Amino acid sequence: MIIIAAVFLLGFIFAYYLHVKRKHEFWQDQGVPHPKPVLLFGNIIKMITLQCTLSEFLNSLYRNYQDSPFVGFYNFLTPAIVLRDPEVIEYCLVKNFDSFSATLIRPADPIVKLNPFFCEERMWKALRKLLAPNFSSLKIKLMLDRMERVGKNMTSYLEGNNCSIRADELAFMFTGNNVMVCAYGVDNESFLSNSSMMNGIRDSMSMGTMPITHTLGLFFPNLCKMLNISYMGKQVPESFKNLIARVVEDRKVDKKEFVDFLKESKMKNDLTFLGHAMAFFLDGYETSANLLTYALLELARNPSVQIQAQNELDDINSAKKSIYSYEALKDMSYLESVVFEAVQTNA
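Residues numbered from 1 in each chain as written. Predicted model: local features only at pLDDT ≥ 70, side-chain atom pairs only at ≥ 80, totals over all residues. Heavy atoms only, no water.

Re the overall build of the chain
Step number 1: The number of helices and strands found in the chain is 18 helices and two strands.
Step number 2: Relative to its 347 residues, the chain shows a buried fraction of 36%. (Helix = DSSP H or I, 4+ residues; strand = E, 2+ residues; numbered from the N terminus. Buried < 20%, exposed > 50% of the residue type's maximum accessible area, 1.4 Å probe, protein only.)

A short note on the pairing of strand β1 (residues 70-75)
Step number 1: Within β1, five of the six residues are buried, which leaves the element mostly enclosed by the surrounding structure.
Step number 2: Joining the antiparallel neighbours β1 and strand β2 (residues 78-83) is a turn of two residues, in which Phe76 adopts a positive phi near 60°. (Pairing = 2+ DSSP bridges.)

Some details on unusual backbone geometry
Step number 1: For Leu40, which is not glycine, the phi dihedral falls at a positive 75°.
Step number 2: Despite not being glycine, Phe76 has its phi angle at roughly 60°, a positive value.
Step number 3: When you line up the elements, Phe76 lands in the loop between β1 and β2.

Digging into the packing of aromatic side chains
Step number 1: Tallying each qualifying case throughout the model produces nine aromatic pairs.
Step number 2: Centroid distance Phe135 to Phe258: 5.8 Å. Interplanar angle 45°. Geometry classified as tilted. Taken as a pair, Phe135 in the loop between α6 (121-131) and α7 (137-159) and Phe258 in helix α13 (residues 258-268) lie far apart in primary sequence, 123 residues in all.
Step number 3: Phe135 sits in the partly exposed class, given a relative accessible area of 38%.
Step number 4: Relative accessible area serves as the criterion here: at 4%, Phe258 is assigned to the buried category.
Step number 5: Between Phe281 and Tyr285, the ring centres sit 5.3 Å apart and the planes meet at 45°, which makes this aromatic pair tilted.
Step number 6: A residue is classified by how much of its surface remains accessible, and Phe281, at 3% relative accessible area, is buried.
Step number 7: Each residue in the set Phe135, Phe258, Phe261 and Phe280 is aromatic and connected to the rest through ring pairs, giving one cluster.
Step number 8: The ring of Tyr62 has Arg84 lying over it, and the distance from NZ or CZ to the ring centre is 4.2 Å. (Phe/Tyr/Trp six-rings, centres within 6.5 Å; stacked < 30°, edge-to-face > 60°. Lys NZ or Arg CZ within 6 Å of the ring centre and 35° of its normal.)

So, the nonpolar core
Step number 1: In terms of nonpolar packing, the biggest core is built from 32 residues, with Val179, Tyr184, Phe240, Ile244, Leu262, Phe280 and Phe281 touching the most fellow members.
Step number 2: Sorting the residues of this core by element identifies α8 (167-182), α9 (195-204), α12 (235-250), α13 and α14 (270-284) as the ones contributing at least two each.
Step number 3: With seven residues, the single largest contributor to this core is α14.
Step number 4: The contact partners of Phe240, leaving out residues within four places of it in the chain, are Tyr184, Ile201, Leu274, Ala277, Met278 and Phe281.
Step number 5: Judged by nonpolar contacts, the second largest core, of 11 residues, contains Ile44, Phe57, Leu61 and Val71. (Core = buried A, V, L, I, M, F, W, Y, C linked by side-chain atoms within 4.5 Å. Contact = heavy atoms within 4.5 Å.)

Some thoughts on the environment of Phe273
Step number 1: For Phe273, the location among the structural elements is in helix α14.
Step number 2: Overall, Phe273 belongs to the buried group, its relative accessible area being 2%.
Step number 3: Counting along the chain gives 29 residues from Phe273 to Ile244, while the straight-line C-alpha distance between them is 9.1 Å.
Step number 4: Those residues within four positions of Phe273 in sequence are excluded, and the remaining contacts are Ile244, Val248, Leu262, Ser265 and Lys266.

Observations concerning the side chain of Ser322
Step number 1: Positionally, Ser322 belongs in the loop between α16 (303-320) and α17 (326-330).
Step number 2: The contacts of Ser322, once residues within four sequence positions are left out, are Ile316, Asn317 and Ala328.

Focus on α8
Step number 1: Given a rise of 1.5 Å per residue, 16 residues ought to cover 22 Å, and the 22 Å separating the end C-alpha atoms of α8 matches this to within 8%.
Step number 2: Counting buried residues along α8, 12 of its 16 residues qualify, which places the element largely inside the surrounding structure.
Step number 3: Along α8, the residues classified as buried are Leu170, Ala171, Phe172, Met173, Thr175, Gly176, Asn177, Asn178, Val179, Met180, Val181 and Cys182. (Expected span 1.5 Å × (residues − 1).)

Regarding the packing of helix α15 (residues 286-301) against α16
For any two helices packed against each other, the geometry comes down to the angle between their axes and how far apart the axes lie.
Step number 1: As a packed pair, α15 and α16 sit with axes 5 Å apart at the nearest point and diverge in direction by 110°. On the basis of their axis angle, the class for α15 and α16 is roughly perpendicular. Contacts between α15 and α16 involve Leu299, Ala300 and Arg301 from the former and Pro303, Val305 and Gln306 from the latter.
Step number 2: A class-by-class count of the residues in the contact of α15 with α16 yields four nonpolar, one polar and one charged. (Axes fitted to C-alpha atoms, helices over the stretch in contact; angles between N-to-C directions. Parallel < 35°, antiparallel > 145°, perpendicular 65-115°, else oblique. Nonpolar A, V, L, I, M, F, W, Y, C, P; charged D, E, K, R; others polar.)

Quick notes on the pairing of β2
Step number 1: Where β1 and β2 come together, six bridges link them in antiparallel fashion. Paired with Gly72 across the strands is Ile81, a residue of β2.

Digging into the confidence of the model for the chain
Step number 1: On average, residues of the chain score 81 in pLDDT, and 84% of them reach the 70 mark or higher.
Step number 2: Mean pLDDT across the elements of the chain ranges from a minimum in helix α10 (residues 211-219), with 66, to a maximum in α16, with 94. (pLDDT = per-residue confidence, 0-100.)

With respect to the pattern of salt bridges
Step number 1: Taken as a whole, this structure holds nine salt bridges when the rule is applied.
Step number 2: Between Asp168 and Arg166 there is a salt bridge; the shortest N-O distance is 2.8 Å.
Step number 3: Residue Arg251 pairs with Asp260 through a salt bridge whose shortest N-O separation is 3.0 Å.
Step number 4: A relative accessible area of 10% places Arg251 in the buried class.
Step number 5: What you see here is one network of salt bridges that share partners, running through Lys21, Arg22, Glu25 and Asp29. (Salt bridge = Lys/Arg side-chain N within 4 Å of Asp/Glu carboxyl O.)

Following this line, the structure appears as structure tokens:
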């Protein structure tokens, strides 16, 4: 009896091994370059064992396959792909998005999962239809006056500070204040007034402070849901709820702004309302600050580029009487190239 059981067990193990091996031959059959997978775990074992973060893993794929427009990898047994070529990215994410809507990250967190970046096609379409009117060109134009105030507050802060300033801290203060003003309607009386609150929320969601939580959230969303573990850290939703609840409660007059949209959403569904607020935070704060930091770094490294960018701003300011108008922003072709170059150089 024991021998029969052992034979069945060995047969099952061998059959499963063949199944896994066949699964890990998908990209090879398609002729797509990919790193060699590890049995069962595919290519994500370093992330599971906390040897690297998701961004570090994707960055290594991007850099190690410079001659390929895309590179495959395996999320356990599931084939996944990283797009490298801009034309391929446009083809997949714009022209044929219906066929490429699946994402690697599926957080169980009920707030974070409402971010369009994490949504599958069906929910993504619904959210896009709901959110798009809040980011029309007209709504963005209305935000420019607030961004101008933040910019002038930053200028005053720099002029009154005689000490050295970290570029990354400056960038986070700038984007943090812009998110507070543009998204949540909280005016800042000084350049630093709201940055500590935003930084506190950011730090509690940092990959460096809770890698285990992030790893579980990425690869075991169902387990996280059972154990009530949040992808972003359990304390984050509470601190964020308090901030947004206070902002919405203080809003008395409908000005057709994003915070009014949040208030209307809260009346319908608390979860959706917090999801929209969190999406603006995730998309507009740390991402923009990191980009701004790299742009400042490249400008410091290349004084001639810095001078040419400044000359463009001076010419536009002279012609348009402002550098913050929608029309002025469209004319900043050289500065736009500087930003794109910073992205490419530090990718």
